[in-house]
Amino acid sequence: MHFFNPVFYSIYLFLTVTALILGFPLRHEAQSYPRQYITVAGKKMSFTSFGLTNRQSGKPVVIFEGGFGVTGALDFTCLYPGLSKSVAGIGYDRNGEGESEEDPTIVTDVDIVQRLHLFLKTVHVPPPYLLVGHSMGGSYIRLFTSMYPNEVAGLLFIDAADFMLTDEQDEQIRILSKSGQGSKAWVVPAMDAQARDTMLSTRIRHRSERLANFFRNGDFWKLYSSLPPLPDIPVGVLAAYHKPIDSSAVNAGVLSRLRVGEHFYMQNFTELIRNNHNSFIMLLPRYPHSIHTQDPELVITVKRLLNSLARAKSLRKGI
């Protein structure tokens with residue numbers, strides 16, 4: 001299931017562009033990447049992978065982290081063919097998503113990141129990692145980098161949620177959008193509504209409840225605002241600007257907040273990578289939220305760039 005949530009759309013604020021020229025077109029035949037399964041902390045987890053058996057020691061492996069409600073094991077497989085000749089990679093379903101079992105002990109984002117770390121250890125995929133996060137997955141790779149800084153060689157954010165949005169910025173969004181609310185106020189009510197919706201599956205209701213509870217007392221914002229600066233690793237940011245959103249599918253307030261918030265998104269992600277060498281921001285006007293499925297050639301080219309930078313840096317540091 002690909003989950004559309006106007007709450008998260010309303011907190012995506014998008015970035016200024018650094019041009020990247022596509023050197024050549026990439027076309028690939030459809031390939032199948034069957035699901036694999038492994039037990040982690042007593043729970044079955046599902047994943048897909050490529051190139052792991054031939055991975056060279058010390059070379060970064062790409063770890064794909066999907067968005068909220070997305071089957072991460074399948075969401076990035078459109079990128080696998082274009083990467084498989086140069087790098088290894090693995091995408092997985094978080095517990096309670098896709099074909100991975102639910103685990104009620106996973107409550108916070110810290111729990112999610114710790115489970116990913118344990119999953120990688122269990123499946124025998126050692127660092128260094130090039131982490132790729134889409135949507136809410138961007139938050140998780142940011143947190144992973146903070147918790148395991150010596151294991152991360154590079155980052156790629158694909159239209160990530162703005163986990164850096166401050167209360168002051170949110171108040172400006174409320175005022176300038178003239179919607180009566182900022183972006184933060186929508187998260188808990190929207191997730192609570194889904195958690196109560198008996199027409200939805202138990203798994204969807206449970207993960208919506210988890211997210212609502214983590215946001216309820218501001219724990220999400222407190223956690224991410226407390227993180228130390230990123231280490232000096234290559235970081236790429238792809239941001240969809242002025243997404244083609246059906247105005248009949250969301251109310252005017254949500255759309256207004258989304259447009260007003262773009263300034264703060266630009267500001268926050270620019271500041272995030274301000275001291276990082278070999279890093280870039282790319283603004284993609286009129287692209288949809290799922291940039292990687294809309295234009296996999298673009299993302300593959302960017303990933304190749306990041307991988308070469310990450311590999312050089314990891315060799316210099318002896319990771």
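Provided above is the structure to which this section pertains.
It should be emphasised that the depicted structure is a prediction, and the values quoted were computed from it without experimental measurement.

Section: the nonpolar core
Working step 1: Among the nonpolar cores identified, the biggest contains 59 residues, and Ile63, Phe119, Leu120, Phe144, Leu155, Phe157 and Phe269 are the most heavily contacted of them.
Working step 2: The next biggest cluster of nonpolar side chains, apart from the first, holds 25 residues, and it includes Leu130, Phe280, Val299 and Leu306.

Section: the pairing of strand β7 (residues 235-241)
Successive residues of a regular strand alternate their side chains across the two faces of the sheet.
Working step 1: For β7, the tally of buried residues reaches 6 of 7 residues, placing the bulk of the element in the interior.
Working step 2: Here 4 bridges tie strand β6 (residues 152-158) to β7, and the two strands are oriented parallel to one another. Paired with Ile158 across the two strands is Leu238, which belongs to β7.
Working step 3: Two strands pair when backbone bridges link them, and β7 and strand β8 (residues 280-285) are joined in this way by 6 bridges, in the parallel orientation. Following the sheet pairing, Val237 is matched in β8 by Ile281.

Side note on helix α7 (residues 187-196)
Working step 1: What α7 keeps buried is the set Val187, Val188, Met191, Asp192, Gln194 and Ala195. The buried residues of α7 all sit within an arc of 160° when viewed along its axis, so they share a single face.

Things to note about the packing of helix α4 (residues 109-122) against helix α5 (residues 137-147)
Working step 1: Contact geometry for α4 and α5: axes closest at 9 Å, N-to-C directions at 70°. Regarding the angle of α4 to α5, the classification is roughly perpendicular. Contacts from Asp109, Val110, Ile112, Val113, Gln114, Leu116, His117 and Leu120 in α4 reach Tyr140, Leu143, Phe144 and Met147 in α5.
Working step 2: Grouping the constituent residues of the contact of α4 with α5 by class yields 9 nonpolar, 2 polar and 1 charged.

So, unusual backbone geometry
Trans is the prevailing form of peptide bonds, just as negative phi is the prevailing case for residues other than glycine.
Working step 1: Residue Pro128 follows Pro127 across a cis peptide bond; omega there is 10°.
Working step 2: Tracing the backbone through its elements, the reader meets Pro128 in the loop between α4 and β5 (129-134).
Working step 3: Positive phi, normally seen in glycine, also occurs at His124, with a value near 65°.
Working step 4: Tracing the backbone shows His124 in the loop between α4 and β5.
Working step 5: Judged by its relative accessible area of 69%, His124 is exposed.

Regarding the sheet that holds β8
Working step 1: Pairing is mixed in the open sheet, where 8 strands are placed in the order β1-β2-β4-β3-β5-β6-β7-β8. For this open sheet the edge positions go to β1 (36-40) and β8, each flanked by a neighbour on one side alone. Pairs of neighbouring strands in the sheet enclose a mean axial angle of 20°, with direction left out of account.
Working step 2: On the sheet, α4 packs against β1, β2 (43-50), β3 (61-65), β4 (89-92) and β5 and is oriented at approximately 115° with respect to β1.

A closer look at the side chain of Ser139
Working step 1: As for its placement among the helices and strands, Ser139 is situated in helix α5.
Working step 2: When near neighbours in sequence (up to four residues on either side) are disregarded, Ser139 contacts Ala161, Phe163, Phe220 and Tyr224.

Rules behind the numbers
Residues numbered from 1 in each chain as written. Predicted model: local features only at pLDDT ≥ 70, side-chain atom pairs only at ≥ 80, totals over all residues. Heavy atoms only, no water. Core = buried A, V, L, I, M, F, W, Y, C linked by side-chain atoms within 4.5 Å. Buried < 20%, exposed > 50% of the residue type's maximum accessible area, 1.4 Å probe, protein only. Helix = DSSP H or I, 4+ residues; strand = E, 2+ residues; numbered from the N terminus. Pairing = 2+ DSSP bridges. Arc of directions from axis to C-beta. Axes fitted to C-alpha atoms, helices over the stretch in contact; angles between N-to-C directions. Parallel < 35°, antiparallel > 145°, perpendicular 65-115°, else oblique. Contact = heavy atoms within 4.5 Å. Nonpolar A, V, L, I, M, F, W, Y, C, P; charged D, E, K, R; others polar.

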